[in-house]
Amino acid sequence: MVDYHASNNQSSTGHMEQENDWDRDLLLDPAWEKQQRKTFTAWCNSHLRKSGTQIENIEEDFRDGLKLMLLLEVIAGERLPKPERGKMRVHKINNVNKALDFIASKGVKLVSIGAEEIVDGNAKMTLGMIWTIILRFAIQDISVEETSAKEGLLLWCQRKTAPYKNVNVQNFHMSWKDGLAFNALIHRHRPDLIDYDSLRKDDPVTNLNNAFEVAEKHLDIPKMLDAEDIVGTLRPDEKAIMTYVSCFYHAFSGAQKAETAANRICKVLAVNQENEQMMEDYEKLASELLEWIRRTIPWLENRTQEKTVNDMQAKQEDFRDYRCVHKPPKVQEKCQLEISFNTLQTKLRLSNRPAFMPSEGRMVSDINGAWHTLEGAEKGYEEWILSEIRRLERLEHLAEKFHQKAAIHESWTDGKEAMLTQKDYETSTLSEVKALLRKHEAFESDLAAHQDRVEQIAAIAQELNELDYYDSASVNARCQKICDQWDTLGAFTHGRKESLERTEKQLESIDELYLEYAKRAAPFNNWMEGAMEDLQDMFIVHNIEEIQGLITAHEQFKSTLAEANKEREAIQAIQAEVQKIAQSNGIKLSGANPYTTITPQSIDSKWAKAMDMVPLRDTALQGELNKQNSNDTLRAKFATQANTVGAYIQAKMEEIGRISIEMNGTLEDQLTSLKEYQKTIMSYMPEINTLEGYHQLIQEALIFDNQYTSYTMEHLRVGWEQLLTTIARTINEVENQILTRDAKGISQEQLHEYRASFNHFDKDHSGALMAEEFKACLISLGYDVENDKQKRSGQMVSEDFRALLISTGNSLGDSEFARIMSIVDPNGSGAVTFQAFIDFMSRETTDTDTADQVIASFKILAADKTFITAEELRRELPPDQAEYCIARMAPYVGADGVPGALDYMSFSTALYGESDL
């Protein structure tokens, strides 16, 4: 045996050299020996009771070595060699030696202590051995700010009791004599157990008993000393006090571990609750947007025709209100939905959770598909409205033209049937019959001249039917009446002619001049009626060329007026010749021309009316020309603004592409720059509104084409929406990189290094590396790879990604590479994006919460049980998160369970997608 005061292992126990001192003279002090007996016995029993046993006499009960070995097994958590059960002294010595050997194996060299002294019941050696065990297993691991065990325990006590009055812990003897230090330690950690303000420094016995009783009842610390033993000695035993205080340290240290475990669980649950809320918000917003699209598409696909242009223009106004008021908020919702989805997936990756899979039909692709269908329906509806307006304009014009021609014709046919059916020739003279025959021939000429008008009326009615005119029934009825009447007039005309020709054989006298007048006056009169009809004809034009065509035709018409006037004068000259002959020959005229009802006065009257209509027609055509010039100016304004806006949108789209590749500085600086850039783009909105105003004026002016620009309002709206969406996505990408950096501990320099290397070889700024570019990138890092061809896709195929991982220090076998590919390419596409590579590198290089860590935390809260109860969850966790766990944990089915036991292991794995929650 060697000196007890020596130290066996400087690296593990050198800092305990002071505590290992065993003053043999002090041990002889009866008061101190009594305190050590009580303290060490209680300390041993606090561990032995875990195995269902205890000791009564510390030097007697350890003599056979059995309980000594059991004590070491309990406090060390290890199995010792099998003890010998014999009653002989040699058996006892062997058992004690096994215990001493185990103590020595833990880095403690027992000095001046031999198995024979323990077997012989040497109290001094036994107490020294127990003190060595206490130092090794209860005090040695206590360290605060790299101090020794004793100093660390003392520093811990000083810090915990610093706020309390009348407490000044400077040592492990006199500082504890009044009992206030014990009470302060308990009150600091469990203020509900001690009424510290009621304690008095001059009543140490009450203070000590209060602390010892509370510790035994509520903290599971057995009473190791009597208050009278401490108060009744001049200087309490330091080792006894240290042993007692170490129990308080370990009791509260366990509570600290439970608090840490609870905090970890709270953190994990808070992340899970936040992710679930984001999932619910996404589902709700997606459902509402899809429902709005579902309700809107039938409205856009409705092709119910209206009867008038005004009704269709009201529909056009409703559609314009939809485009400008109702749709823009939905465009923002769609953009926000994509941003929320990307942010959620990023948070799930960063928190090591499985990717979010929306409900069936609510994927981002589903929403984009529905949106595409909506925009197709919009385009079709707008085109239909414009075509319907053109159709109805055409119909209204044709209907008015039909009724105008029909009214003229009906006015002409009024009384014709009565005229053709009269029998006046039966009592007429020869000259009168000849006159009637000539008059009938003039009527036939007039009838033939009206044939074109009847055919025009029928053609217009047919076109109205083909264009589905809403009042086709009345048009058809009137047209049929005109046609039937025309057939009747034809039949009557034929019958009268036959009658007159039969009578003509008996009549000879004919007035050639009257007949010539009638023959020339009738077509001229018809020409004048046609001219007046044309001069009053309505016209609809859509461009300058069409109105100029009408003006040209009108000028041509005016150029024929001189010749027409000569014809009028010639006809009037015939009538003058009749008057002259009658006067010369003394013939008394019976009255009007017998061959026609057209008088010289009516010809002059119609001629005057026609001449009055010519300048009115000039004014109308000039007004329409001015209108078309104004429309052309409006086209030019729209085109100028549209070309400016189109070029701006295209330039900004290209600029955003360059910015996303060339951004420098910290991610926060990039984010700030992008948001300022977004504000700059949004400041251009007045230009878009100006263009919308021009577009509205063009639609109100019924302008349907524009030769000055290739842009349409629809194309520019789509381009503007894409521009806003692109900048929002770029901002979201930087925000996700910030989330990745902050959550995974990646430095700004690392992110810059990843991006800079990628961008350096991306010569065409396409966001992707070609095969040769990627090979050069790897070689620049010091590695040589095969010259594989790659597609310009913005992604790396699996073999290229493997080479890149090797270049960054990740050496992979086939099975390990397959595992990594299943992480970065869960869809099995064989390609890896830059974002997926960043996610993998951050996952491999940073610490993240795992299911095993959460299970270990729950195990601490459950006091090492394989299940946990609702009471324990409510005691250790905040109320809302405790109830969250209770509601989702499955019942525990193990044989060692108790009523109401919950399975925290399956719950923890479910949080990380390893099982169903």
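Here, residues in each chain are numbered from 1, in the same order as that chain's written sequence. Confidence filtering applies because this is a predicted model: local features only for residues at pLDDT of at least 70, side-chain atom pairs given and counted only at 80 or more, and all residues used for totals across whole chains, interfaces and linings. To get the side-chain values, take all heavy atoms of the structure and skip hydrogens and water.

### Some remarks on the overall build of the chain
Numbering goes from the N terminus for both helices and strands, where a helix is a DSSP run of H or I of at least four residues and a strand is a run of E of at least two. When you go through the chain residue by residue, the secondary structure sums to 34 helices and four strands. Classification of residues uses two cut-offs on accessible area relative to the type maximum, computed with a 1.4 Å probe and protein chains only: under 20% is buried, over 50% is exposed, and between them is partly exposed. Scored against the burial criterion, the 917 residues of the chain give a buried share of 45%. A contact between two residues is defined here by any heavy atoms of the two lying within 4.5 Å. Taking the intrachain contacts of the chain between residues at least 6 apart in sequence as the baseline, contacts between residues at least 24 apart amount to 73%. Each accessible area is a Shrake-Rupley result for a 1.4 Å probe, and residues are judged covered by the shown protein chains and nothing else. Counting every atom, the chain has about 45700 Å² of accessible surface; 50% of that belongs to carbon and sulfur.

### Focus: the nonpolar core
For our purposes a nonpolar core is just a set of buried Ala, Val, Leu, Ile, Met, Phe, Trp, Tyr and Cys residues, chained together by side-chain atoms within 4.5 Å. Formed by 78 residues in total, the largest nonpolar core has its most connected members in Trp43, Ile133, Trp176, Phe182 and Phe248. The element best represented in this core is helix α8 (residues 123–139), accounting for eleven residues. Apart from residues lying up to four places away in sequence, Phe248 is in contact with Trp156, Phe182, Leu185, Ile186, Ala215, Leu219 and Ile221. Counting 44 residues, the second largest nonpolar core, distinct from the first, contains Trp371, Ile385, Leu392 and Ile482.

### Some remarks on the side chain of Asp632
Inspection of the secondary structure assignment puts Asp632 in helix α22 (residues 600–662). Residue Asp632 is classed as buried on the basis of its relative accessible area of 16%. Sequence-distant contacts of Asp632, that is, excluding residues within four places in its chain, are made with Ile544, Gln707 and Tyr708.

### With respect to the pattern of salt bridges
Any Lys or Arg side-chain nitrogen located within 4 Å of an Asp or Glu carboxyl oxygen qualifies as a salt bridge. In total, this model carries 48 salt bridges according to the counting rule given. The shortest N-O distance in the salt bridge between Glu33 and Arg37 comes to 3.2 Å. Separated by four residues within a single helix, Glu33 and Arg37 lie in helix α3 (residues 30–48), roughly one turn from each other. By relative accessible area, which is 22% here, Glu33 ends up partly exposed. You can call Arg37 partly exposed: its relative accessible area is 24%. A salt bridge links Arg729 to Glu338; the nearest nitrogen and oxygen atoms lie 2.4 Å apart. Highlighted residues: Arg729 in helix α25 (residues 713–744) and Glu338 in helix α14 (residues 309–350), separated in sequence by 391 residues. For Arg729, a relative accessible area of 41% gives the class partly exposed. If you follow the salt bridges from partner to partner, you end up with Arg323, Lys327, Glu375, Glu378, Glu382, Glu692, Glu714 and Arg717 in one network.

### Structural notes on the packing of aromatic side chains
How two aromatic rings sit relative to each other is set out by the distance from centre to centre and by the angle between their planes. For Phe, Tyr and Trp, rings pair up if their centres lie within 6.5 Å, where Trp contributes its six-membered ring, and each pair is then called stacked (planes under 30 degrees apart), edge-to-face (over 60) or tilted (otherwise). Counted under the stated rule, the structure contains 31 aromatic pairs. Between Phe248 and Phe252, the ring centres sit 6.4 Å apart and the planes meet at 45°, which makes this aromatic pair tilted. Taken together, the residues Phe248 and Phe252, both in helix α13 (residues 238–301) and four residues apart, mark about one turn of the helix. For the pair Phe248 and Phe252, one class covers both residues: buried. On the basis of an interplanar angle of 25° and a centroid distance of 5.6 Å, the ring pair of Phe524 and Trp527 is categorised as stacked. Of this pair, Phe524 and Trp527 are both found in helix α19 (residues 512–535), three residues apart, which corresponds to roughly one turn of the helix. The structure contains a cluster of three or more aromatic residues connected by ring pairs, namely Phe172, Trp176, Phe182, Phe212, Tyr244, Phe248 and Phe252. The aromatic ring of Phe867 is capped on one face by Lys865, whose charged end is 5.7 Å from the ring centroid. Charge over a ring is defined by NZ of Lys or CZ of Arg lying within 6 Å of the ring centre and within 35 degrees of the ring normal.

### Observations regarding unusual backbone geometry
In this structure, Asp220 takes a positive phi of about 60° despite not being glycine. With respect to the helices and strands, Asp220 occurs in the loop between α11 (204–218) and α12 (227–231). By relative accessible area, which is 53% here, Asp220 ends up exposed. Positive phi is not limited to glycine here, since Ala863 has a value of about 55°. Following the sequence through the fold, Ala863 ends up in the loop between α31 (851–861) and α32 (870–876).

### Here's the deal with helix α20 (residues 544–559)
What a helix is expected to span follows from its residue count: subtract one and scale by 1.5 Å. Helix length check: α20, at 16 residues, gives a terminal C-alpha distance of 22 Å against a target of 22 Å (1.5 Å per residue), a fit within 8%. Every buried residue of α20 is listed here: Ile544, Ile547, His554 and Phe557. The buried residues of α20 occupy an angular sector of 145° when the element is viewed end-on, so they sit on one face. Counted as exposed and oriented over 90 degrees from the buried face of α20: Glu545, Gln556 and Ser559. As used here, the arc is the angular range of directions from the helix axis to the C-beta atoms.

### A look at helix α6 (residues 89–105)
Across its 17 residues, α6 extends 24 Å between first and last C-alpha, which sits within 8% of the 24 Å expected from 1.5 Å per residue. Buried positions along α6 lie against α5 (66–76), α7 (115–119) and α8. Directly beyond the C-terminal end of α6, a positive phi value near 90° is found at Gly107.

### Overview of the packing of helix α9 (residues 149–161) against helix α10 (residues 180–189)
Remark: α9 packs on α10, axes separated minimally by 9 Å, with the N-to-C direction vectors making an angle of 70°. Accordingly, the angle class assigned to the pair α9 and α10 is roughly perpendicular. Where α9 crosses over α10, the two elements pack in a sense that is left-handed. Taking contact as the criterion, the partners of Trp156, Cys157, Arg159, Lys160 and Thr161 in α9 are, on α10, Ala181, Ala184, Leu185, Arg188 and His189. By residue class, the composition of the contact of α9 with α10 is five nonpolar, two polar and three charged. Note on geometry: axes are lines fitted to C-alpha atoms, helical ones only across the stretch in contact, with angles between N-to-C directions running from 0 to 180 degrees. With respect to orientation, any angle under 35 degrees is reported as roughly parallel, any angle over 145 as roughly antiparallel, any angle of 65 to 115 as roughly perpendicular, and every other angle as oblique. Handedness of each helix crossing follows the sense of rotation of the near helix against the far helix: counterclockwise by less than a right angle gives left-handed, clockwise gives right-handed. Polarity classes work like this: nonpolar for Ala, Val, Leu, Ile, Met, Phe, Trp, Tyr, Cys and Pro, charged for Asp, Glu, Lys and Arg, and polar for all others, with Gly in that last group.

### Looking at the confidence of the model for the chain
pLDDT measures the predictor's confidence residue by residue and takes values from 0 up to 100. Overall, the predicted model of the chain reaches an average pLDDT of 79, with 81% of residues at or above 70. The model gives residues 1–28 a pLDDT under 50, and that stretch makes 71 contacts with residues more than four places away or in other chains. In this model, residues 809–813 is a region of pLDDT below 50 whose contacts with residues beyond four sequence positions or in other chains number eight contacts.

### Quick word on the packing of α14 against helix α15 (residues 364–413)
Contact geometry of α14 with α15 gives a least axis separation of 11 Å together with a crossing angle of 170°. By the angle between their directions, the pair α14 and α15 is classed as roughly antiparallel. The two elements α14 and α15 cross, and the hand of that crossing is left-handed. Here the residues of the contact of α14 with α15 are counted per class, giving 17 nonpolar, three polar and twelve charged.

### Structural notes on the environment of Asn122
Turning to its location among the elements, Asn122 is positioned in the loop between α7 and α8. Counting of polar contacts relies on pairs of N or O atoms within 3.5 Å, with two restrictions inside protein: one atom must be capable of donating a hydrogen and the other of accepting it, and residues adjacent in sequence are counted only when both atoms are side-chain atoms. A distance of 3.0 Å separates the side chain of Asn122 from the backbone nitrogen of Lys124, its partner in a polar contact.

### Brief notes about the environment of Ile134
When you line up the elements, Ile134 lands in helix α8. Its relative accessible area of 0% is what places Ile134 among the buried residues. Note: C-alpha distance between Ile134 and Thr243 (109 residues apart in sequence) is 7.1 Å. When sequence neighbours within four positions are dropped, the list of residues in contact with Ile134 reads Phe40, Trp43, Ile139 and Thr243.

### Regarding the state of the cysteines
In what follows, a disulfide is any cysteine sulfur pair within 2.5 Å. With the rule as written, the count across this model stands at zero disulfides. Among the cysteines around Cys483, which has no disulfide bond, Cys479 carries the closest sulfur, lying 4.1 Å off. Judged by relative accessible area, which is 23%, Cys483 ranks as partly exposed.

### Thoughts on the environment of Gly107
Note on placement: Gly107 falls in the loop between α6 and α7. Residues Gly107 and Arg136, 29 residues apart in the sequence, show an inter-C-alpha distance of 8.6 Å.

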